[in-house]
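A closer look at the structure
Listed here are the chains, written in short residue letters.
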Amino acid sequence: MQRIVLFFILCVTYSAYNAQVALQTDSFAINYQTPQEFEIGGITVTGPQFLDKGIIATVSGLSVGDKVSIPGERISDAIENLWKQGLFDDIKITITKLVGNTVFLEISLVERPRLSKFTFKGIKKGEADDLREKIKLVKGKVITDHLIASTSAITKNFFIDKGFMDTEVTIRPEKDSLLSNSVTLYINIKKGGKYKVNKIIFHNATSFSKMKLKKALKETKEKVWYNPFNNGKYLEENLEKDLPGIITKYNTTGFRDAKILKDTVYKVPFRKKKRVNIEITLSEGKKFYFRNISWMGNTKYTAKELSNVLAIKKGDIFNQDLLSQKLNMNPNGIDVSSLYMDDGYLFFQITPVEINVENDSIDLEIRMYEGKQATINKVTVSGNTKTNDHVIMREIRTRPGMLFSRADIIRTTRELAQLGYFDPEKTVPNPIPNPANGTVDIDYAVEEKPNDQIELSGGWGNRSVVGTLGITFNNFSTKNFFKKEAWRPLPTGDGQRLSLRAQANGLPFQSYNMSFTEPWLGGKRPNSLSFSAYHTVQNSGILGSDGKNRAKSDWNFLKITGASVGLGNRLRKPDDYFVLYQELNYQYYQVNNFGSVIPSLSSGFANNISYRFSISRNSVDKPIFETRGSNISFSAQLTPPYSLFNKLDYSTATAQERFKFIEYQKYKFTAAWFTQLTNKKAAEGKEARNLVLYTKVGYGFLGMYNSKVGRSPFERFVVGGSGMTGFNGILGNEIVALRGYNDASISSAGGSPMVNRYTTELRFPISLNPQATIYCLAFAEAGNTWNSIQKYRPFELKRSAGLGVRIFLPMFGLIGFDYGWGFDYNPNDNYGSGRNIQTGKPQGQFHFTIGANMGEL
C-alpha cells in the first residue's frame, strides 16, 4: 500500500512539473501549487511556414471555449500531441493574455527543416537511379532523425545485398541557401569490395557428397581458380533462394524430413582478399519409400488405370515432387489431373494423404473428388487493340458447347503465340467456372506487341557494298485497304502478311521482290494462300577499256523474273500439327555472256516451271525463343520431264536447246528439335530463363530425269558462311549457312547438287522481353557438298564451332552475330577459310545475319 501511495505522489509531482515547464507565463501571476480553471479565449499559432495553423491548433487538442486547468494535463497533452507529428524541433505554449477567468494562448513552433534535394557520392549513376526508387525521398519531406536513419539503413542494405558487405553510409545535411528552412542531404557511400565465397562447409551430411550438395546451390558457388566462368560472389539474397534447393535434393531422394538446422556466414582472411565461409548444418532424417498406394472416390477410371498413369511402384524411393507431378502437372507426359481435366472434369480435385508411416515405408491414400463434367459457356478475348477478334477466335480450340479440356487451352495458347502478334509470356487463359450450373467461361487475355519489320542495312557481297531496304507487315488487312479511317498508319488486324524488299549496289546488282500471304483463305479453315513476284539483275562488263560505260547490249548480264503461288492446308491426321503446302513456280532467265558463272549456258534464255510440295510438322511452343517441340519437313520440287517427250537429240543439241525448258527433281529433308535442359520457374515479376538444346539435321539432293541432259545449272546448294542471300542466290541456288567458313566456299562454282548439314546449339536467354528478346548461344556445326551420288561421303564433313548472340527487335526481326571457328581445310575457298592457306592453322570468322531463316536447310 505504501508503494502505491508513493507512486501516486510521484505522478502528481511529475505532471505538475511538466505543466510548469510547458507553460510560459511572461509576468502573469499563476500559482502552480494551486491549479486554477480557465476558459480558453483564443489560440494563436506562430512559427510554421509550411503548415496550416488551423490544423496545428486542431492537432494540439485545444480549442476556444475549452475549460483547462493551469497547471494541468491538457497543456502537457497538447504538447505531446504536437511532438508525435515529428514535424517540429521546438514547441512552446505561452499565455499571452489573461482576462479574469479567460486565458489567451500562443503555440510557438520551430519547424524541422525540409528536404530541398539529395545527392549520392561514391557510386555509379545506374546504382544511384536504382537506389532512388528504394529510398523514395521527395522534395519537401520533413527531415527527421528517423528519416536519416532509415535512409542510411536502406542504402546500406541495398549494397550488402549486392555483395558489398563492408558498405559504410554517412548522411550529411547542409542548409540550402536558396530555400528557407530547407536542407540538402549529401549521402556518402563507401562500398568497399565485394565478398566472394571461400568455402561452403556442410555439417551432418552423410547421404550425399559435398560436391552434390554444392551443385544444389544454383547461384552460390565457391570461388575457384580453375573455373573462370564462376565469379564466386556472395549475395545474401542468392543464398536465401538457394538453401531450399538442398532440401529439395534430399526430398527427391526419399529424405522427406530433411531440414537445415542452421546456416552461418562469416568473414575469413584470404591473402588480403575479401572472402566468406558459409557453414550449413543439416538434419537428414530417415530415407523413406513408397509402399501401398490406394485410391478413393474414383468412378470414371479404375484403380489399375490410375496406377498405370501414376507409374509409382511399391518400393520406389519416396519423392514428393515426383508424386505432385504425376498427380497434377507432369511436363514430360500425362498425369492424373490431365486425364480428368482433358475430359471436362474442371471441378476435379485430388489430395494424397499419408495414412500410415511405418519404419521407412509410407502408405498413401489418394482421395479424389471427380465432380461433374463442365461445358464451355462463353469464350471471349481481351487485350487485343490491333488484331481483330475473328483472327484470334479462329485459332481458339475451345468452343461454346464443348467439354472443358485443359489440353485444348494449352494448345490454344501455343497457337496464339505462334501468330507472332502477342507477347507469349502474357498470353493467359482465364477459366471462370460456375459450379452451380456446371459451366465455365474462358477469357483469353493477350497483349499486343509490335511485329512489323523494317530492314535497312548494308552488306558486303561480290567485293562491293550491297544496300537493302525492306518492309514487312505481319498483320495486314486488304479488306480495309480502301477505308481511309483504317490507315493508322496502315490497315491492320486481319493477320495477312505483305512484304516488299529491294536490294542493290547500283548497276551491277539489283533485286526486287514482293510477297503476300492470306493465312485463312475464306476465313473458315486454316488454308493459306500465298503468292510472290520478283525480278533480279546482275550486270558485269559495264565499263569499257576507256573507263566509260559500254552500251547496254554489250553488258554481261543475268536477269531473272519469277512468280509463284502456293496453297497450304493444315491436316488433321496423323495430328493437326501437320501442314501440306503446294506451290507452282515460274522463272524466266535471260543470260548474256555469263559463262564464268553459268558455264553450261553462257548466253540465251531458260524457262523454269516447277511444282513443289512439302509436308511438315511443327510443334514448337513459340516462334522466337523456342524451348520445346520439333519442326520436321520433307519437300520435293519437280519440273515436267521434258526430255521424255520433246524428241530432242541431246547429244547434238545446243545449250539453248538443252536448257530452253529446265528439268530437275529436288528433294530436301530437315528436322529440328528443341529440348529444355533446365526447369527454372519464374519468380514473381521475373522471367524464367532456362538452358535449351537445339539440334538440327538437313539433307538436300538435286537430281535429274535423264543423264544425257545433265543436271540443271540452277536450283543448286551453296554452302558456307552466314547463309545470307544476295549474289550467291541469283541462280535460284539455296544458301546454306556453315559458320566459321567464308560465304559459298564449301561448294563448286555455281553450286553443288548434294548437301548435308548438322547443327547443335546450346541457347540461354538474356532477356525474354518481346520488345528486345536476346539470347546467347554456343554452337557446333558440320556440313559438306558433293557433285554426284558416287562421290557422296556422309562423314567427310567440314566442322566448326563458336559462340553467338541473337537479338530480336520487332522492327527489324532476328539479328545474329556469330564468331565461328572452322577446323578443316577447304580447298574450294580461294580466300582461305577453316584453315589458313599459308600456315594451315585454324582461324575464326565473324558472321552477321538478319532474318528468321538464317541459312535454312
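Everything that follows concerns the structure shown earlier in this document.
If you're wondering where the values come from, they're calculated on a predicted model, not measured in any experiment.

1. Describing the pairing of strand 23 (residues 556-570)
- For strand 22 (residues 527-540) and strand 23, the ladder comprises 14 bridges, and the chain directions are antiparallel. Paired with Ala533 across the bridge in strand 23 is Ala563.
- For strand 23 and strand 24 (residues 578-592), the ladder comprises 14 bridges, and the chain directions are antiparallel. The residue of strand 24 that forms the bridge with Ile560 is Tyr589.

2. Observations concerning the nonpolar core
- Formed by 21 residues in total, the largest nonpolar core has its most connected members in Trp295, Leu306, Leu327, Val336, Tyr340, Ile350 and Met368.
- Of all the elements in the fold, those that place two or more residues in this core are strand 12 (289-296), helix 8 (303-310), helix 9 (320-327), helix 10 (336-341) and strand 14 (361-369).
- With 4 residues, strand 14 is the single largest residue contributor to this core.

3. Overview of helix 3 (residues 73-84)
- Over its 12 residues, helix 3 extends 16 Å from the first C-alpha to the last, a length consistent with the 16 Å expected when each residue adds 1.5 Å.
- Those residues of helix 3 not exposed but buried are Ile75, Ser76, Ala78, Ile79 and Leu82. The arc enclosing the buried residues of helix 3, seen along the axis, measures out at 160°, which places them on a common side. In helix 3, the exposed residues that point more than 90 degrees away from the buried face are Glu73 and Lys84.
- Following helix 3 by one or two positions, Gly86 adopts a phi angle in the positive range, close to 70°.

4. What to know about the pattern of salt bridges
- Taken as a whole, this structure holds 38 salt bridges when the rule is applied.
- One salt bridge connects Asp257 with Arg256, and the closest N-O pair in it is separated by 3.5 Å.
- The partly exposed category is assigned to Asp257, whose relative accessible area is 36%.
- Between Arg739 and Glu761 there is a salt bridge whose closest N-O contact spans 2.9 Å. With Arg739 in the loop between strand 30 (734-736) and strand 31 (754-767) and Glu761 in strand 31, this pair connects stretches of sequence that are 22 residues apart.
- One salt-bridge network, held together by shared partners, links Glu626, Arg739, Arg757, Glu761, Arg763, Glu781, Arg806 and Asp818.

Parameters at a glance
- Residues numbered from 1 in each chain as written.
- Predicted model: local features only at pLDDT ≥ 70, side-chain atom pairs only at ≥ 80, totals over all residues.
- Heavy atoms only, no water.
- Pairing = 2+ DSSP bridges.
- Helix = DSSP H or I, 4+ residues; strand = E, 2+ residues; numbered from the N terminus.
- Core = buried A, V, L, I, M, F, W, Y, C linked by side-chain atoms within 4.5 Å.
- Buried < 20%, exposed > 50% of the residue type's maximum accessible area, 1.4 Å probe, protein only.
- Expected span 1.5 Å × (residues − 1).
- Arc of directions from axis to C-beta.
- Salt bridge = Lys/Arg side-chain N within 4 Å of Asp/Glu carboxyl O.

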